[in-house]
Amino acid sequence: MSTQNPVFIPGPTNIPEVIRKACDIPTMDHRSPAFGRILAPALSGVRTVLGMSEGEVIIFPATGTAGWEGAVANTLSPGDKVLSGCHGMFSQRWIELCQRHGLDVHVINSPWSEGVPMAEFESALSADTAHAIKAVLVTHNETATGVMSDVAAVRALLNRLGHPALLMVDGVSSIGSVAFDMDGWGVDIAVTGSQKGFMLPPGLAIVGVGPKALAAMEGAKLTRGFLHFGDMIAAYRNGSYPYTPSAGLINGLNVAMQMLLDEGLENVYARHARIAEGVRQAVFAWGMTPCAARPELYSNTVTAVAVPEGFNGSDVVALAATKYGVAFGAGLGAVAGKVFRIGHLGMLTDVMALSGIATAEMCMADLGFPIKLGSGVAAAQEYYRTTAS
Ligand SMILES: *Cc1c(COP(=O)(O)O)cnc(C)c1O
């Protein structure tokens, strides 16, 4: 696999050179004021990207999965009821993690092409007059299917019903590439990681914890050791960590947040929307469709391309890797073989996207898919050429 080719997996994403270099720093004493000087702007940059004015940003030397665990372990108690839709590999894995912690998860299963099940959420929450449901879990962007859900609509539902459950959102494959508004959407906990929209190597679990979630920590009884939010908040007061931080990654995070803010968050989101639309134009030109059931569910960070009957999406992924040295995402779980995924989050340009579309097209032609070589590239070129500023 050439190290010069961009990757088209929906994480880890392409790392800009300036960020890669920023992660490579000499050994640093994390109890020294020098560490505090990189930590503070990194935390404040994350706060801006999350759209969060109150609460705390917690950064563990871990990955997004640890963020899920931290979210529930710090705020809930054994046996607590949690409501979640299951419509892809990531929503499913967060549910399973909750079950391992002894939470009572009310799971609503939907087809793996749908988003958050709003109607079923409404029935479950309105039936819960005793407010036994302590948290509602939402996977903002289901990376397995390329389905984006409307987080604000879930908050509006909770408000309309006067339901006090915490709103916990997995934004691992959305935050930093599509708009996220923790304050405006009333998100109590937002989880992300370093290696997707934040363009860094893997290694940081990044969690935004709002005031209601901080208050819930008081009575919460699930066991939390390494992932104790309270330890981190106490250490931050001294500009430090409760244990050894990934100082290089935090320095990289500081630079990554600066990059996003310099480009302008609105511009970053517009860039992802355009790139995603070009990818979808290519998919339609191939005579194929995204896995997501409806246009309002289309993700601007990953497109799961539904392959025609009799073909296997994993063959596209395998051939791209072996013959052309390019990484795409395979279908996971219930959509294994039925899709291949083109990741388009993090650092990506029109030109990079076109190379991915061209490669996918070569692989499909090699495998005898009923597509016309160049059709997807031409559709994307036309879209990018006429919408570039
Ligand atoms: C990647 C991803 C995760 C898991 O994150 P890790 O960093 O691999 O632990 C969770 N949720 C979503 C939506 C993801 O895309």
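Residues numbered from 1 in each chain as written. Predicted model: local features only at pLDDT ≥ 70, side-chain atom pairs only at ≥ 80, totals over all residues. Heavy atoms only, no water.

Caption draft 1: Geometry of helix 5 (residues 118-127). Every buried residue of helix 5 is accounted for by Phe121, Ala124 and Leu125. Along the long axis of helix 5, the arc covered by the buried residues comes to 95°, so they all point the same way. Seen from the open side of helix 5, the exposed residues pointing more than 90 degrees away from its buried face are Ala119 and Ala127. Buried residues along helix 5 sit against strand 2 (81-86), strand 3 (104-109), strand 4 (133-139) and helix 6 (151-161). (Buried < 20%, exposed > 50% of the residue type's maximum accessible area, 1.4 Å probe, protein only. Helix = DSSP H or I, 4+ residues; strand = E, 2+ residues; numbered from the N terminus. Arc of directions from axis to C-beta. Contact = heavy atoms within 4.5 Å.)

Caption draft 2: A look at the domain arrangement of the protein chain. Each assigned domain of the protein chain is listed with its residue range as follows: domain 1 (17-261) and domain 2 (265-387). If you average the C-alpha positions of domain 1 and of domain 2, the two centres end up 28 Å apart. Counting residues at the interface gives 28 residues for domain 1 and 24 residues for domain 2. Of the roughly 2,000 Å² buried between domain 1 and domain 2, counting both surfaces, carbon and sulfur atoms make up 65%. Of all residues in domain 1, the largest losses of buried area upon contact with domain 2 belong to Trp112, Met148 and Ser177, amounting jointly to 24% of the total for that side. Across the contact surface, domain 1 and domain 2 share 1 salt bridge. Between Glu114 and Arg294 there is a salt bridge; the shortest N-O distance is 2.9 Å. For the pair domain 1 and domain 2, the number of links is 10 residue pairs in polar contact (both at pLDDT 80 or more). Elements with a contribution of two residues or more to the side of domain 1 that touches domain 2: helix 2 (33-50), helix 4 (89-100), strand 6 (147-148) and helix 9 (247-263). (Domains from an automatic or database assignment. Buried area = accessible area lost by both parts, 1.4 Å probe. Salt bridge = Lys/Arg side-chain N within 4 Å of Asp/Glu carboxyl O. Polar contact = N/O pair within 3.5 Å; in protein donor to acceptor, adjacent residues only side chain to side chain.)

Caption draft 3: Broad picture of the sheet that holds strand 8 (residues 189-193). Strand order in the open sheet made by the 7 strands is 1-9-8-7-4-2-3, with mixed pairing throughout. Edge strands, defined here as strands with exactly one partner in the open sheet, are strand 1 (56-60) and strand 3. Here the strands of the sheet are splayed against their neighbours by 20° on average, with no regard to which way each runs. (Pairing = 2+ DSSP bridges. Axes fitted to C-alpha atoms, helices over the stretch in contact; angles between N-to-C directions.)

Caption draft 4: Main features of the side chain of Arg341. Tracing the backbone shows Arg341 in strand 13 (residues 339-343). Within the structure, the side chain of Arg341 is placed 2.8 Å from the backbone oxygen of Thr143, a separation counted as a polar contact. Among the polar contacts listed, one links the side chain of Arg341 to the backbone oxygen of Ala330, at a separation of 2.9 Å. When residues no more than four places from it in sequence are discounted, the contact partners of Arg341 are Phe8, Pro10, Thr143, Ala144, Val302, Thr303, Ala304, Phe328, Gly329, Ala330 and Leu332.

Caption draft 5: Geometry of the site of the ligand. Every residue near the ligand is listed here: Thr63, Gly64, Thr65, Trp68, Phe90, Asn141, Thr143, Asp170, Val172, Ser173, Gln195 and Lys196. Between Gln195 and the ligand, the recorded distance is 2.8 Å, taken from a side-chain N or O atom to an oxygen atom. For the ligand, whose free accessible area comes to 380 Å², the fraction covered by protein is 89%. Considering each element in turn, the shell around the ligand owes the most residues, 3 residues, to helix 3 (residues 64-75). Considering only residue class, the shell around the ligand consists of 3 nonpolar, 7 polar and 2 charged. (Near = heavy atom within 4 Å. Areas by Shrake-Rupley, 256 points an atom, 1.4 Å probe, with all protein chains shown as cover. Nonpolar A, V, L, I, M, F, W, Y, C, P; charged D, E, K, R; others polar.)

Caption draft 6: Up close: the packing of aromatic side chains. Evaluation of the coordinates by the stated rule reveals 13 aromatic pairs. Between the aromatic rings of Phe35 and Tyr241, the centroid separation amounts to 5.9 Å while the plane-to-plane angle is 85°, which identifies the pairing as edge-to-face. Pair noted here: Phe35 is in helix 2 and Tyr241 is in the loop between helix 8 (229-236) and helix 9, with a separation of 206 residues, a long-range link. Tyr241 sits in the buried class, given a relative accessible area of 2%. Consider the rings of Phe226 and Tyr243, whose centres lie 4.5 Å apart with planes at 15°: the pair is stacked. Here the residue Phe226 occupies a position in the loop between helix 7 (211-216) and helix 8, and Tyr243 occupies one in the loop between helix 8 and helix 9, the gap between them amounting to 17 residues. On the basis of relative accessibility, which here comes to 45%, the residue Phe226 falls in the partly exposed class. Through pairs of rings, three or more aromatic residues link up here, namely Phe35, Phe60, Phe226, Phe229, Tyr236, Tyr241 and Tyr243. (Phe/Tyr/Trp six-rings, centres within 6.5 Å; stacked < 30°, edge-to-face > 60°.)

Caption draft 7: Seen up close, the sheet that holds strand 11 (residues 302-306). Read from one edge of the open sheet, 4 strands run 10-11-13-12, paired in antiparallel fashion. Looking at which strands have only one partner, the edges of the open sheet turn out to be strand 10 (289-290) and strand 12 (329-330). As judged from the 2 bridges shared by strand 12 and strand 13, these two strands associate in the antiparallel manner. What sits directly across from Gly329, in strand 13, is Arg341. Sheet strands in contact with helix 11 (residues 313-324) are strand 12 and strand 13, and its direction is about 50° off that of strand 13.

Caption draft 8: Inspection of the side chain of His272 at higher detail. One can find His272 in helix 10 (residues 265-285). For His272, the side chain forms a polar contact with the main-chain oxygen of Gly346, separated by 2.9 Å. Sequence-distant contacts of His272, that is, excluding residues within four places in its chain, are made with Ser177, Asn300, His344, Leu345 and Gly346.

Caption draft 9: Summary view of the environment of Gly219. Structurally, Gly219 can be placed in the loop between helix 7 and helix 8. By relative accessible area, which is 43% here, Gly219 ends up partly exposed. Along the backbone, Gly219 and Thr13 are 206 residues apart, and their C-alpha atoms lie at a distance of 38 Å.

Caption draft 10: Summary view of the pairing of strand 1. Most of strand 1 sits out of view: 5 of its 5 residues are buried. Neither face of strand 1 is left uncovered, since the one carrying Glu56, Ile58 and Phe60 and the one carrying Val57 and Ile59 both have all their residues buried. With 5 bridges joining them, strand 1 and strand 9 (residues 205-209) adopt antiparallel strand pairing. When the bridges of strand 9 are listed, Phe60 appears paired with Ala205.

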